[in-house]
Amino acid sequence: MKTKLSIAITLALISAGLISGCGDNNEPAATGSQQEASKNNAAPMLKYIPADSPYFMASRETLSEEDAFAIFQRTQPTGSLDSDLDEMRDTLPQIQDDEVLYTLTTLLIALGEELVGVESLEDIHALGMKMSPQAAFYGLGILPVMRFELQDEEAFRKTLQRVLTKADITLGKATTNDTEYWVITLEGPLQVIMVIDDQQLLVSVVPQDASDELLAHVLGKTLPDSNIGDTDALVKLEQRHDFTPYGAGLLSSSRLFDELSTPEHPGTLALMEAIDEEPLDLSTCQADIDRLTGRFPGLAMGMREYSTDRVELNFILKTDEGIVSDLRGLTTQVPGFGSSEGMASVGLNMNLPVLVQTIQKYAQELRENPFSCDGLQDLNNSWRDINMAINNPITMMIGPALSGFNVRLDDLKMVNGEPSVAGILTLASQNPMALLSTLSAFMPELGALELAPGGEPQKIESMMLPPEAPALYAVMSDNALVLGADISDPAALQAGLEAPASERNLLAYGHLTGEFYQSLADIMEQSPSPELSSSDIESFKQFGDILNNMAYWVEVDDAGVEMSFSVELIAP
């Protein structure tokens, strides 16, 4: 459990550091040809990425290594690495028959052991690594290449050799154009290569019989005719989506299909030949492909903020204007939705009647104009299945009266040996009286209340609830029904009812605060479980100490559907 939590907390922080560049923000501005030279010096890896690459992820600038290491230290629970390594060691006897998994686990253990005892930036440098390296991930056609900047080539070679020795892994070696590289042979016609060159670690997947010409492209000895530094593609991507220069990327659906159907890059041609795969025959499917890529141009990703206080990661599924308009039509007004009030919350802002109509619309479009390609028949069938699934009795009964909900947790504690919660559930509705009637079929106690829009909060009396259950109240307005648990002041329900709705086009939103983790740790201590160790509980406490708020949301913007994650840290 602790490992999963550590990943959840540090995902934005550490991965952001790994894709951040190493430019110096204090250098004076240059002009003319000096600007072009300084652009290449500030982000030297951009020159390796073809301007027409189907996918790339890269950065132009970075936080200082000191700041990046400070974030790393603050987000690592005490003793977490040691206990995680112990857990992995315990699994080795259970997976020894799975050669691939066993080798990967031993490799992770060996790598983790190198990081045990790392307490300073100098310790990171002693391993030959940077805390926030210049990095890039991109496609030479469809052939993947990853680059990481190193602090010290020789020190990293020694580190890598120690890791491989501990993991009992022996790498093959080969040479191309006077450059030595390591080889990891895979089952089949492909192999993984690793190269340390020009203060960088390069990792790629190539055919086992890769030619020197192809390796020259992979190693960057043969540069693309035009790169994303020349075209300012990365800068334009940042400006289009308000990303920072600390890491952004793009997957282009049209370029990907083009490369798979009419491959031109030596990387794609070599991979297809190695796996004995013919290019996609789109002669009868091009209209379908154009239809798909027109509606879904690709995926953009980046960071809108990266600082010692807050990190925000964003993924945008790009769509056409018609889909954007339809998705915006799903959003409505849910009181309190999108707010970080309370210790935790989760909500959905989706007008169910409009959702049903939208799904019916797209299902009808596919019935009237289905995809003709054999490989796309599943899309025709999936929309038919979705349409049938959403047209069920429960949806038809609740849908017309429900347009969203928000659950807010205000308190979490132990009472008489049992967890007790306080908070409110807000149900948005265009017809709250109809919603009340529908809910009364499941909870008759609600129907017995004399609730009406603008009326006073009322206590729910239920024989079905246990004696120790918190007091429940309900109140109604013209556009919502609010239920409250363990609210000492029923007037607080009225405040929840009148809470402003988000002005953003949010479809989903949730948040967790440090207070929530502290409360969860207290409950764990008072109700021990064999599945939870003392170090697990200590991790929750430490998350509570460092976290101000962690939020995630799905939002509609003018480019498509945005899925985002943010972490705010308490000032040390």
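Just so it is clear, the model here is predicted, and its values are computed rather than measured.

**Q** What is the right way to read the overall build of the protein from this model?
**A** Of the regular secondary structure elements, the protein holds 22 helices and 19 strands. Every one of the 572 residues in the protein was classed for burial, and the buried ones make up 47%. Across the protein, the fraction of contacts at a sequence separation of at least 24, relative to all contacts at a separation of at least 6, is 68%. Just so you have it, the protein exposes about 28,200 Å², and 54% of that area is on carbon and sulfur atoms.

**Q** Before we go on, may I ask you to explain the environment of Ser-53 in this structure?
**A** One can find Ser-53 in the loop between helix H2 (33-42) and strand E1 (55-58). Exposure remark for Ser-53: the relative accessible area of 2% places this residue in the buried category. A sequence separation of 86 residues divides Ser-53 from Gly-139, and the C-alpha atoms of the two residues are 5.6 Å apart. Ignoring any residue separated from it by four or fewer positions in sequence, one finds Ser-53 in contact with Tyr-138, Gly-139 and Arg-255. In terms of polar contacts, Ser-53 uses its side chain to reach the backbone carbonyl oxygen of Tyr-55, at 2.7 Å.

**Q** Would you mind going over a negative patch on the surface with me for this structure?
**A** A cluster of like negative charges, contributed by Asp-52, Asp-258, Glu-264 and Asp-290, occupies part of the molecular surface. As for its position among the elements, Asp-258 is in helix H11 (residues 253-261).

**Q** Even after reading the chapter, I still don't get the packing of aromatic side chains, so can you show me in this structure?
**A** One pair of aromatic rings is described through two measures. These are the centre distance and the angle between the planes. Taken as a whole and assessed by the stated rule, the structure comprises six aromatic pairs. Their ring planes at 65° and their centres at 5.8 Å tell us that Tyr-517 and Phe-543 sit as a pair that is edge-to-face. Linking Tyr-517 in helix H21 (residues 514-526) with Phe-543 in helix H22 (residues 534-546), this pair joins segments that are 26 residues apart in sequence. Considered together, Tyr-517 and Phe-543 belong to a single accessibility category, that of buried residues. In this structure, Arg-291 packs its charged tip against the face of Phe-371, placed 4.3 Å from the ring centre. Above the face of the Tyr-362 ring, Lys-361 is positioned so that its terminal group lies 5.4 Å from the ring centre.

**Q** Honestly, the state of the cysteines in this entry has me stumped. Any pointers?
**A** In a disulfide, the sulfur atoms of two cysteines are covalently bonded to one another. Within the structure shown, the criterion is met by one disulfide. One disulfide in the model links Cys-285 with Cys-373; its S-S distance is 1.8 Å. Residue Cys-285 is located in the loop between helix H12 (266-274) and helix H13 (286-295), and its partner Cys-373 is located in the loop between helix H15 (352-368) and helix H16 (377-390); the two are separated by 88 residues in the primary sequence. Classification of Cys-285 as buried rests on a relative accessible area of 10%.

**Q** Even after reading the chapter, I still don't get the environment of Ile-142, so can you show me in this structure?
**A** Note that Ile-142 resides in the loop between strand E2 (135-140) and strand E3 (143-149). Placed 114 residues apart in sequence, Ile-142 and Leu-256 show a C-alpha to C-alpha distance of 7.5 Å. Residues in contact with Ile-142, not counting those within four places in the same chain, are Tyr-55, Leu-256, Glu-259, Leu-260, Thr-268 and Leu-271.

**Q** So what exactly am I meant to see when it comes to the packing of H21 against H22 here?
**A** Two quantities define a packed helix pair, namely the angle between the axes and the distance from one axis to the other. It is the contact of H21 with H22, at a shortest axis distance of 7 Å, that shows an interaxial angle of 155°. Between H21 and H22, the crossing angle belongs to the class labelled roughly antiparallel. H22 is crossed by H21, and the crossing has left-handed handedness. Between H21 and H22, the contacting residues are Gly-514, Tyr-517, Gln-518, Leu-520, Ala-521, Met-524 and Glu-525 on the first element and Ile-537, Phe-540, Lys-541, Phe-543, Gly-544 and Asp-545 on the second. In terms of residue class, the contact of H21 with H22 is built from seven nonpolar, three polar and three charged.

**Q** How should I be thinking about the pairing of strand E19 (residues 560-569) in this particular structure?
**A** Each regular strand displays side chains that alternate between the two surfaces of the sheet. Judged by how many residues are buried, E19 sits mostly within the fold: eight of ten residues are covered. With nine bridges connecting them, strand E10 (residues 310-318) and E19 associate as antiparallel partners. Its bridge partner being in E19, Leu-313 is matched across the sheet by Phe-565. Bridge count between strand E18 (residues 547-557) and E19: ten bridges; the pairing is antiparallel. Bridge assignment links Asp-557 to a residue of E19, and that residue is Gly-560.

**Q** What should I look at first to understand the pattern of salt bridges in this one?
**A** One side chain can pair with another of opposite charge once the charged atoms of both are near each other. Scanning all chains against the criterion turns up 22 salt bridges. In this structure, Arg-89 engages Asp-86 in a salt bridge whose closest nitrogen and oxygen atoms are separated by 2.8 Å. Placement of both Arg-89 and Asp-86 in helix H4 (residues 80-91) is noted, with a separation of three residues, approximately one turn of the helix. Lys-413 is the salt-bridge partner of Asp-411, the closest N and O atoms lying 3.5 Å from each other. Looking at Asp-411, the relative accessible area reads 25%, which means it is partly exposed. When its relative accessible area of 37% is taken as the criterion, Lys-413 is described as partly exposed. Here the residues in one salt-bridge network are Asp-86, Arg-89, Glu-113, Glu-114, Arg-162 and Lys-166, joined through shared partners.

**Q** Can you help me understand the environment of Phe-296 in this one?
**A** Within the secondary structure, Phe-296 is located in the loop between H13 and strand E9 (298-306). Under the relative-accessibility criterion, Phe-296 is labelled partly exposed at 33%. The spatial distance from the C-alpha of Phe-296 to the C-alpha of Ser-254 is 9.1 Å, given a sequence separation of 42 residues. Once residues within four sequence positions are removed from consideration, Phe-296 is found in contact with Ser-253, Leu-317, Lys-318, Thr-319 and Ile-323.

**Q** What exactly am I supposed to notice about the side chain of Thr-331 here?
**A** By the secondary structure assignment, Thr-331 is in the loop between helix H14 (321-328) and strand E11 (344-348). Since its relative accessible area comes to 18%, Thr-331 is described here as buried. Here Arg-328 takes part through its backbone oxygen, which lies 2.8 Å from a polar atom of the side chain of Thr-331. If we ignore the near neighbours within four places in the chain, the residues touching Thr-331 are Asn-349, Asn-505, Leu-506 and Leu-507.

**Q** Would you explain the pairing of strand E7 (residues 200-207) in this entry?
**A** Of all eight residues that make up E7, six are buried, and the element is covered over most of its length. Two strands pair when backbone bridges link them, and E3 and E7 are joined in this way by five bridges, in the antiparallel orientation. Paired with Met-146 across the bridge in E7 is Val-203. Across eight bridges, strand E6 (residues 190-197) lies against E7 in antiparallel orientation. Its bridge partner lying in E7, Val-192 is registered against Val-205.

**Q** Would you explain a nonpolar patch on the surface in this entry?
**A** Among the surface-exposed residues, Leu-101, Leu-104, Leu-107 and Leu-108 lie close enough to one another that they form a single nonpolar patch of about 310 Å² accessible area. By secondary structure assignment, the location of Leu-101 is in helix H5 (residues 99-115).

What counts as what
- Residues numbered from 1 in each chain as written.
- Predicted model: local features only at pLDDT ≥ 70, side-chain atom pairs only at ≥ 80, totals over all residues.
- Heavy atoms only, no water.
- Helix = DSSP H or I, 4+ residues; strand = E, 2+ residues; numbered from the N terminus.
- Buried < 20%, exposed > 50% of the residue type's maximum accessible area, 1.4 Å probe, protein only.
- Contact = heavy atoms within 4.5 Å.
- Areas by Shrake-Rupley, 256 points an atom, 1.4 Å probe, with all protein chains shown as cover.
- Polar contact = N/O pair within 3.5 Å; in protein donor to acceptor, adjacent residues only side chain to side chain.
- Patch = residues over 30% accessible without salt bridge, like charges linked within 9 Å, V, L, I, M, F, W, Y side chains within 5 Å.
- Salt bridge = Lys/Arg side-chain N within 4 Å of Asp/Glu carboxyl O.
- Lys, Arg positive; Asp, Glu negative; His and termini not counted.
- Charge placed at Lys NZ, Arg CZ, Asp CG, Glu CD.
- Phe/Tyr/Trp six-rings, centres within 6.5 Å; stacked < 30°, edge-to-face > 60°.
- Lys NZ or Arg CZ within 6 Å of the ring centre and 35° of its normal.
- Disulfide = S-S within 2.5 Å.
- Axes fitted to C-alpha atoms, helices over the stretch in contact; angles between N-to-C directions.
- Parallel < 35°, antiparallel > 145°, perpendicular 65-115°, else oblique.
- Left-handed = near helix turned anticlockwise from the far one by under 90°.
- Nonpolar A, V, L, I, M, F, W, Y, C, P; charged D, E, K, R; others polar.
- Pairing = 2+ DSSP bridges.

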